[in-house]
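# Chains, contacts and geometry: an overview
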Amino acid sequence: SEPDSGVILQKLAGALVMACDYTAALEVHQRLIAIYGEENHPAAASLSLCLSFQGQFDKAGKIIDRLLESSPNDPGLRMQRSQKHLLHEEYSQGWEDYRFRGLSNTKHFRVLPIPEWKGEALNGRAIVVLAEQGLGDQIMFASCLPDLLALKPKKVFVEAMYRVAPTLARSFPDCEVISTKQNRELDWLTELSGADCYVPLADLPRYFRQTRHSFPANSYLKADPARTEYWRTELARVGAAPYIGITWKGGTPLTRAPVRSLDLPKLAPLLNNMSATWINLQYGRVDEEIDAARNQNLAISHWPEAIADLDEFSALICALDGVVTACNTTVHYAGALGKPVCVLAPKIPEWRYGLFYRMMPWYPDVSVLRQAASGDWSSVIDGAGDWMRAKFVNPSGP
């Protein structure tokens, strides 16, 4: 029957979206429209998402706007619209909708039993910055902490995921960084003296990043100097400069890993044709991939202990000359440390990487290369070679 067929098609469309097969998902959505009509499409939000990831933003936006007319406070729809605005650098509209992110996915949503800060004066008040989202996000949004400190609060407590906390504590000595597991256990809050209000970390851009010109122009993350020197010595033992970090995977099954990742052998033209010592920065179990690459004469040095410990990771990156990376946490660490970074991005990336700018506004020296066509990494890899030549072979230009 049509109702049963419609339910099956909705599930199929959802599965295809999760697999990032947007072309096939759109074909399924056309079949759903044939059953229900455009106005009554039961998975219209999913259709809008597919259209967005295929670059059909006008069509996608009209669907979301229509849905929000009847459900103006739907957190999932507001979050979806925020990503469209932020991707297009429409920051004011984007941050307003981005406030709904926690409600759209409540698995990690937390509040504190003290008033929430809404941008008012902070003189003489102590504020808690509540950790949220992933490790790279915490590094990226931490760029707003100097703006918060400039409001002259009595104290800034910064909750941070324990893997990120040591580096943030070193980088922001005027804040008190509290290392936690970022869960619902809030025992640490009872030990704070005189906390007056709190703000979720990713709400800070709403107050401090309203235009392109309000983004920081300098690096702010600081690695351990002694460990950085250690890694400089280690690097000198394995090859000659420039020392370039490399990653090729980004995301998870829930955050579009298929379109953010490429197979390591696809980087062969870059690794073989550029005179550099290549250093693995890819997180996860990659020993077999690196061994296979070495068997194909792709030389990549690998220190697993420097990948697992993020403070050590910072020191290793700080010892490098530059980084070529997929869209992942490495972008944020290397960018915040002030290293030259070349990002290999899909045609329609996550909102952080924008659609148009060449230099990522969050960091002083991060170039973004986007695919010319979805799934085609060849032009991006060629562009990374051009970036390498400009930065490290002929830095002064022709």
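That block above? That's the structure.
Quick summary incoming for the structure in this document. (Residues numbered from 1 in each chain as written. Predicted model: local features only at pLDDT ≥ 70, side-chain atom pairs only at ≥ 80, totals over all residues. Heavy atoms only, no water.)

## Section: the overall build of the protein chain
The criterion, for reference: In this text, helices come from DSSP runs of H or I with a minimum length of four residues, and strands from runs of E with a minimum of two, each type numbered from the N-terminal end. The buried label applies to any residue whose accessible area, calculated with a 1.4 Å probe on protein chains only, is under 20% of its type's maximum; exposed applies above 50%, and partly exposed to all values in between. Throughout, a residue-residue contact means that at least one pair of heavy atoms, one from each residue, lies within 4.5 Å. Note on areas: Shrake-Rupley, 1.4 Å probe, and residue coverage restricted to the protein chains presented here. A residue counts as positive if it is Lys or Arg and as negative if it is Asp or Glu; His and the chain ends are not included. By convention, the charge on Lys lies at NZ, on Arg at CZ, on Asp at CG and on Glu at CD.
A count of helical and extended segments in the protein chain gives 20 helices and nine strands. Referenced to the eigenvectors of the C-alpha coordinate spread, the extents of the protein chain come out at roughly 70 × 60 × 40 Å. Residues counted as buried form 52% of the 398 residues belonging to the protein chain. Long-range contacts, defined here as pairs at least 24 residues apart, represent 67% of the contacts in the protein chain between residues at least 6 apart. As displayed, the protein chain has an accessible area near 18,100 Å², and 52% of this comes from carbon and sulfur atoms. For the protein chain, the separation between the mean place of its 41 positive charges and that of its 45 negative charges on side chains is 2 Å.

## As for the packing of aromatic side chains
Each aromatic ring pair is described using two quantities: the centre-to-centre distance and the angle formed by the ring planes. What counts here: Any two rings among Phe, Tyr and Trp, with Trp reduced to its six-membered ring, count as a pair given centres within 6.5 Å; such a pair is stacked if its planes are under 30 degrees apart, edge-to-face if over 60, and tilted if neither. By the criterion adopted, a ring carries a charge over it if an Arg CZ or a Lys NZ lies within 6 Å of its centre and within 35 degrees of its normal.
Applying the stated rule across the entire model yields 17 aromatic pairs. Ring plane angle 45 degrees and centroid distance 6.5 Å describe the contact between Tyr 98 and Phe 141, whose orientation is recorded as tilted. Residue Tyr 98 is found in helix 6 (residues 91–98), and its partner Phe 141 is found in helix 8 (residues 135–141); the two are separated by 43 residues along the sequence. In this structure Tyr 98 comes out as buried when scored by relative accessible area, which is 1%. For the pair Trp 387 and Phe 392, a centre-to-centre distance of 5.7 Å together with 80 degrees between the ring planes defines the contact as edge-to-face. Connected via pairs of aromatic rings, a cluster forms that spans Tyr 91, Trp 95, Tyr 98, Phe 141, Phe 215, Trp 351 and Trp 362. Here the basic side chain of Arg 209 rests over the ring of Phe 215, its NZ or CZ set 5.8 Å away from the ring centre. For Arg 227, the ring lying beneath its charged end belongs to Tyr 230, and the centroid distance is 4.2 Å.

## Some words on the environment of Lys 155
When you line up the elements, Lys 155 lands in strand 2 (residues 155–161). Once you skip the residues sitting within four places of it in the chain, Lys 155 turns out to touch Arg 125, Ala 126, Ile 127 and Glu 176.

## Quick notes on the pattern of salt bridges
Defined as follows: Salt bridges are identified by distance alone: a Lys or Arg side-chain nitrogen within 4 Å of an Asp or Glu carboxyl oxygen.
For the coordinates displayed, the defined rule picks out 24 salt bridges. Across the salt bridge formed by Glu 229 and Arg 232, the nearest N and O atoms sit 2.5 Å from each other. In this pair, Glu 229 and Arg 232 are both assigned in helix 13 (residues 225–238), three residues apart and thus about one turn of the helix distant. Residue classification places Glu 229 among the partly exposed positions, given a relative accessible area of 44%. Here Arg 232 falls in the partly exposed class, since its relative accessible area comes to 37%. Residue Asp 291 is joined to Arg 294 by a salt bridge in which the shortest nitrogen-to-oxygen separation is 3.6 Å. Of this pair, Asp 291 and Arg 294 both sit in helix 16 (residues 287–295), three residues apart, which is roughly one turn of the helix. Residue Asp 291 is classed as partly exposed on the basis of its relative accessible area of 39%. For Arg 294, a relative accessible area of 38% corresponds to the partly exposed category. A single salt-bridge network, built from bridges that share partners, covers Asp 65, Arg 78, Arg 81 and Asp 97.

## Re the sheet that holds strand 7 (residues 322–326)
For clarity, the cut-off: Two strands make a pair as long as DSSP finds a minimum of two bridges between them. Lines fitted to the C-alpha atoms define the axes, with helices restricted to the stretch that makes contact. Angles between their N-to-C directions range from 0 to 180 degrees.
The strand order across the open sheet built from five strands is 6-5-7-8-9, with neighbouring strands paired in parallel fashion. Among the strands making up the open sheet, the edge pair consists of strand 6 (277–280) and strand 9 (366–370). Within this sheet the neighbouring strands show an average axis-to-axis angle of 20 degrees, counted without direction. Note that strand 5 (residues 243–246) and strand 7 share three bridges and pair parallel. Counterpart to Gly 245 in the pairing with strand 7 is Val 323.

## Here's the deal with empty space enclosed by the protein
Unfilled space is identified by rolling a water-sized probe across the atoms. The condition is simple: A pocket here means an open set of points on a 1 Å grid, computed over the protein atoms alone, that has protein on both sides within 12 Å along at least five of seven lines. A cavity is instead a set of points where a 1.4 Å probe fits but cannot get out; residues with an atom within 4 Å of a point line either one. Grid points are joined across faces, edges and corners, and a volume is the space filled by probe spheres set on the points. Three residue categories are used. Nonpolar comprises Ala, Val, Leu, Ile, Met, Phe, Trp, Tyr, Cys and Pro, charged comprises Asp, Glu, Lys and Arg, and polar comprises the others, including Gly.
As enumerated under the stated definition, the model contains one cavity of 30 Å³ or more in all. Considered as a void within the structure, the largest cavity measures approximately 40 Å³ in volume. Gln 138, Ala 142, Leu 145, Val 158, Glu 159, Ala 160, Leu 168 and Leu 201 together form the lining of the largest cavity. Per-class residue counts for the lining of the largest cavity are six nonpolar, one polar and one charged.

## Let's talk about the sheet that holds strand 2
Taking strand neighbours across the sheet as the criterion, the four strands line up as 3-2-1-4 in an open arrangement whose pairing is parallel. Edge strands, defined here as strands with exactly one partner in the open sheet, are strand 3 (176–180) and strand 4 (197–200). Neighbouring strand axes in the sheet, compared pairwise and without regard to direction, differ in orientation by 25 degrees on average. Of the strand pairs in this sheet, strand 1 (residues 126–130) and strand 4 are connected by four bridges, and their pairing is parallel. Bridging from a neighbouring strand, Val 128 pairs with Tyr 198 of strand 4.

## Concerning a nonpolar patch on the surface
As a reminder of what qualifies: Residues form patches when they are more than 30% accessible in relative terms and have no salt bridge. Like charges link within 9 Å. Nonpolar side chains (Val, Leu, Ile, Met, Phe, Trp, Tyr) link within 5 Å.
On the surface, Leu 103, Phe 109 and Val 111 cluster together into a nonpolar patch covering about 250 Å² of accessible area. Relative to the elements of secondary structure, Val 111 occurs in the loop between helix 7 (101–104) and strand 1. Since its relative accessible area comes to 46%, Val 111 is described here as partly exposed.

## Considering the packing of helix 3 (residues 44–53) against helix 4 (residues 57–70)
Operational definition: Between 65 and 115 degrees an angle is taken as roughly perpendicular, under 35 as roughly parallel, over 145 as roughly antiparallel, and anywhere else as oblique. Helix crossings fall into two classes, left-handed where the near helix is turned counterclockwise from the far one by less than a right angle and right-handed where it is turned clockwise.
For the pair helix 3 and helix 4, interaxial distance at closest approach is 8 Å and the crossing angle is 155 degrees. The pairing of helix 3 with helix 4 is recorded here as roughly antiparallel in orientation. With respect to the hand of their crossing, helix 3 and helix 4 are arranged in left-handed fashion. Along the contact surface, helix 3 presents Ala 44, Ala 45, Leu 47, Ser 48, Leu 51 and Ser 52, while helix 4 presents Phe 57, Lys 59, Ala 60, Ile 63, Ile 64, Arg 66 and Leu 67.

Keep in mind these values describe shape, not function.
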